[in-house]
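Spelled out, the chains give:
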Amino acid sequence: MAEAVDDVMRAALREARTIAIVGASDKPDRPVYGVTQFLAGKGFRCIPVNPRLAGQTVVGATVYASLLDIPEPVDMVDLFVNAERVGPLVDDAIAIGAKTVWMQLGVVNEAAAESARAAGLRVVMDHCPAREWSRLGL
């Protein structure tokens, strides 16, 4: 099972160019801020999403209120939200044509994962791309 998850994570990170970071924060001490910086440093275009910060700038990028507001294609949606909030966000990820939904450490929502998979998206749950990067050999 772990190998399959690793394969999904590797493929998601190798193929993504643009990542929407849902639950973005403007506070440098928050894990989401560090992960956004890490991914941007690896060459990804990171688009922060947080309705409270919409229009502001986080890690050099304009923050959008929702996934549906992003005016360009998104390859991966990285979710830094409570598991209970994942369902509608997966629906939005499907609607914008994302290829992967990645739920951060501690975020597991099997029903939303099934919806995403049924729509053809890759799904990663309870992992952090920044923590997995080196282990996956990327």
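Scroll up a little and you will see the structure.
Scope of this entry: the structure provided in the associated data block. (Residues numbered from 1 in each chain as written. Predicted model: local features only at pLDDT ≥ 70, side-chain atom pairs only at ≥ 80, totals over all residues. Heavy atoms only, no water.)

**A short note on the nonpolar core**
For the record, the criterion: Buried residues of nine kinds, namely Ala, Val, Leu, Ile, Met, Phe, Trp, Tyr and Cys, make up a nonpolar core once their side-chain atoms join them within 4.5 Å. Relative accessibility thresholds used throughout: buried, under 20% of the residue-type maximum; exposed, over 50%; partly exposed, between the two (1.4 Å probe, protein chains only). Each helix is a run of H or I in the DSSP string that is no shorter than four residues. Each strand is a run of E no shorter than two, and both are numbered from the N terminus. Residue contacts are counted whenever heavy atoms from the two residues lie within 4.5 Å of one another.
Among the nonpolar cores identified, the biggest contains 25 residues, and Val-22, Leu-67, Val-77, Leu-79, Val-86, Val-101 and Met-103 are the most heavily contacted of them. Breaking this core down by element, the ones donating at least two residues are strand S1 (18-22), strand S2 (45-49), strand S5 (76-79), helix H3 (86-95), strand S6 (100-103) and helix H4 (110-118). Ranked by residue count, the leading element in this core is H3, at four residues. With residues near it in sequence (within four places) discarded, Val-86 still touches Leu-79, Val-81, Met-103, Val-107, Asn-109 and Ala-112.

**Looking at the packing of H3 against H4**
When two helices pack together, you describe them by how their axes are tilted relative to each other and by the distance separating the axes. Quick reminder of the rule: Comment: axis = line fitted to C-alpha atoms, over the contacting stretch for helices; angle = value between 0 and 180 degrees taken between N-to-C directions. When an angle is under 35 degrees it counts as roughly parallel; over 145 it counts as roughly antiparallel; between 65 and 115 it counts as roughly perpendicular; any other value is oblique. Nonpolar residues are Ala, Val, Leu, Ile, Met, Phe, Trp, Tyr, Cys and Pro. Charged residues are Asp, Glu, Lys and Arg, and all others, Gly as well, are polar.
Interhelical geometry of H3 versus H4 gives an angle of 10° and a closest axis separation of 9 Å. By the angle class used here, H3 and H4 are roughly parallel. Across the interface between the two elements, Val-86, Gly-87, Val-90 and Ile-94 of H3 pack against Ala-112, Ser-115 and Ala-116 of H4. The residue inventory of the contact of H3 with H4, partitioned by class, reads five nonpolar, two polar and no charged.

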